[in-house]
Amino acid sequence: MAGRLIDEDPQRAHEHALAASRRAGRIAVVRESVAITAYATGDYALALRELRTYRRISGNEDQIALMVDSERGVGRPDRAIEVGRAVERNTLPVAVRVSLAIALSGARLDLGETERALAELDIPELDPDRAFEWSPALFAARAAVLEELGRDEEAAEWTRRADIAAEALDEAAGNGSDEEIYVEEIFDEEFTEDAAVDATDADEEVQAEIDENIDDDADQDDEDDYSIAAEVEELLAAADAAADAQSSTTVDDDEDQER
């Protein structure tokens, strides 16, 4: 239920997550769902508390980006950076690693460290010629920092790349494909003046040159969808199953005692 509600009514989604926590509060995925929905409603302090509990129970760091953003939400960008830097990034799934880079860049912006905010986004996953599920957010984050730096032409270019990547991914999702999208750009990485002048024509040419090829040999384990809505729905389904199992075990124990 929370998964269906989180986009349209985060508060109700949060209430469903809290109800699940009352039934199975010692289950990691339940505490995770409470944290995610709390974050969606803007209750960053509660999100932090639940994320810490989730990490303690599960031993996982897969919500580290949300922890960093929650620290930012309670007004502690310096602490946010400390939390993010304490994690071994090479142990994280790719999508989590990208989300962490975006969150750390935001914390740098909060501190007025604009150049360092840009540096946080200089990661191997920043590939303008390929679109993964994390690409639109990563490209848009870079555009925002470049705009803060007054590099408007570059910012506009990365915004355009984010839009193209999002459209390509939407099209692939509509076709029921999990493929890796290749985007052939016709301008170089120096963002030349000619490319800026011809941006309108370039949009049409780039869109026409999107090549959607599935790489059968690629390891897709780290490229799974990372949407909050899908995640919460899965988490609460697992929580319900765990709670039902726990309830069934309790009933069986009571019957044995009566005998």
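Everything quoted here is computed from the prediction, not taken from an experiment. (Residues numbered from 1 in each chain as written. Predicted model: local features only at pLDDT ≥ 70, side-chain atom pairs only at ≥ 80, totals over all residues. Heavy atoms only, no water.)

(A) Geometry of the overall build of the protein chain. Counting secondary structure elements, the protein chain contains 13 helices and 3 strands. Buried positions account for 41% of the 259 residues belonging to the protein chain. Just so you have it, the protein chain exposes about 13,900 Å², and 43% of that area is on carbon and sulfur atoms. (Helix = DSSP H or I, 4+ residues; strand = E, 2+ residues; numbered from the N terminus. Buried < 20%, exposed > 50% of the residue type's maximum accessible area, 1.4 Å probe, protein only. Areas by Shrake-Rupley, 256 points an atom, 1.4 Å probe, with all protein chains shown as cover.)

(B) Quick look at the environment of Gln 63. Residue position: Gln 63 is located in the loop between helix 4 (44-58) and helix 5 (64-73). Taking the C-alpha atoms as reference, Gln 63 lies 9.0 Å from Leu 100; in sequence the two are 37 residues apart.

(C) Up close: the packing of aromatic side chains. Under the counting rule described, the total for this entry stands at 3 aromatic pairs. Seen in terms of ring centroids, Tyr 39 and Tyr 44 are 5.5 Å apart; in terms of plane orientation they differ by 70°. Their pairing is edge-to-face. Positioned above the aromatic ring of Trp 158 is the side chain of Arg 161, whose terminal nitrogen or guanidinium carbon lies 5.3 Å from the ring centre. (Phe/Tyr/Trp six-rings, centres within 6.5 Å; stacked < 30°, edge-to-face > 60°. Lys NZ or Arg CZ within 6 Å of the ring centre and 35° of its normal.)

(D) Fine view of a negative patch on the surface. Judged by side-chain charge, Glu 147, Glu 148, Asp 152 and Glu 153 come together as a negatively charged surface patch. Those elements that provide at least two residues to the negative patch are helix 9 (135-148) and helix 10 (152-174). Within the element layout of this structure, Glu 148 appears in helix 9. You can call Glu 148 exposed: its relative accessible area is 57%. (Patch = residues over 30% accessible without salt bridge, like charges linked within 9 Å, V, L, I, M, F, W, Y side chains within 5 Å. Salt bridge = Lys/Arg side-chain N within 4 Å of Asp/Glu carboxyl O. Lys, Arg positive; Asp, Glu negative; His and termini not counted. Charge placed at Lys NZ, Arg CZ, Asp CG, Glu CD.)

(E) Layout of the pattern of salt bridges. Counted under the stated rule, the structure contains 19 salt bridges. Two residues, Arg 76 and Glu 71, come together in a salt bridge whose shortest N-O distance is 2.9 Å. With a closest N to O distance of 3.0 Å, Arg 151 and Glu 154 form a salt bridge. When its relative accessible area of 31% is taken as the criterion, Arg 151 is described as partly exposed. Three or more residues joined by partner-sharing salt bridges are found here, namely Arg 52, Glu 71, Arg 76, Arg 79 and Glu 82.

(F) Structural context of helix 4. Between the first and last C-alpha of helix 4 there are 20 Å, a value that for 15 residues agrees with the 21 Å anticipated at 1.5 Å per step. For helix 4, the complete set of buried residues consists of Leu 46, Ala 47, Leu 48, Glu 50, Leu 51, Thr 53 and Tyr 54. Phi turns positive, to about 75°, at Gly 59, one or two residues after helix 4. (Expected span 1.5 Å × (residues − 1).)

(G) A look at helix 6 (residues 77-85). Within helix 6, burial applies to Pro 77, Ala 80, Ile 81, Val 83 and Gly 84. In an axial view of helix 6, the angular spread of the buried residues amounts to 160°, which keeps them on one side of the axis. Those residues of helix 6 that are buried lie in contact with helix 5 and helix 7 (94-110). (Arc of directions from axis to C-beta. Contact = heavy atoms within 4.5 Å.)

(H) View of the packing of helix 5 against helix 7. In contact at an axis separation of 8 Å, helix 5 and helix 7 are set at 15° when each is read in the N-to-C sense. It follows from the interaxial angle that helix 5 and helix 7 lie roughly parallel. The way helix 5 lies across helix 7 gives a crossing that is left-handed. Every residue of helix 7 that contacts helix 5 at Ile 64, Ala 65, Val 68, Asp 69 and Arg 72 is listed here: Val 96, Ser 99, Leu 100, Ala 103, Leu 104, Gly 106, Ala 107 and Asp 110. Here the contact of helix 5 with helix 7 is built from residues that sort into 8 nonpolar, 2 polar and 3 charged. (Axes fitted to C-alpha atoms, helices over the stretch in contact; angles between N-to-C directions. Parallel < 35°, antiparallel > 145°, perpendicular 65-115°, else oblique. Left-handed = near helix turned anticlockwise from the far one by under 90°. Nonpolar A, V, L, I, M, F, W, Y, C, P; charged D, E, K, R; others polar.)

(I) Region of interest: the nonpolar core. Ranked by size, the top nonpolar core spans 23 residues in total, and within it Val 98, Trp 134, Leu 138, Phe 139 and Trp 158 carry the most contacts. Elements represented by at least two residues in this core include exactly helix 7, helix 8 (114-120), helix 9 and helix 10. At 6 residues, helix 9 tops the list of elements feeding residues into this core. With near-sequence residues (within four places) excluded, Val 98 lies in contact with Ile 123, Glu 125, Trp 134 and Leu 138. With 18 residues, the next largest nonpolar core counts Ala 80, Val 87, Leu 92 and Leu 104 among its residues. (Core = buried A, V, L, I, M, F, W, Y, C linked by side-chain atoms within 4.5 Å.)

(J) Broad picture of the packing of helix 9 against helix 10. Helix 10 packs onto helix 9 with a crossing angle of 165° between their chain directions and a minimal axis gap of 8 Å. The orientation of helix 9 with respect to helix 10, classified from their angle, is roughly antiparallel. Every pair of crossing elements has a handedness; the one defined by helix 9 and helix 10 is left-handed. Taking contact as the criterion, the partners of Ser 135, Pro 136, Phe 139, Ala 140, Arg 142, Ala 143, Leu 146 and Glu 147 in helix 9 are, on helix 10, Asp 152, Glu 154, Ala 155, Trp 158, Thr 159, Arg 161, Ala 162, Ala 165, Ala 166 and Leu 169. Looking at the contact of helix 9 with helix 10 residue by residue, the class counts come to 11 nonpolar, 2 polar and 5 charged.

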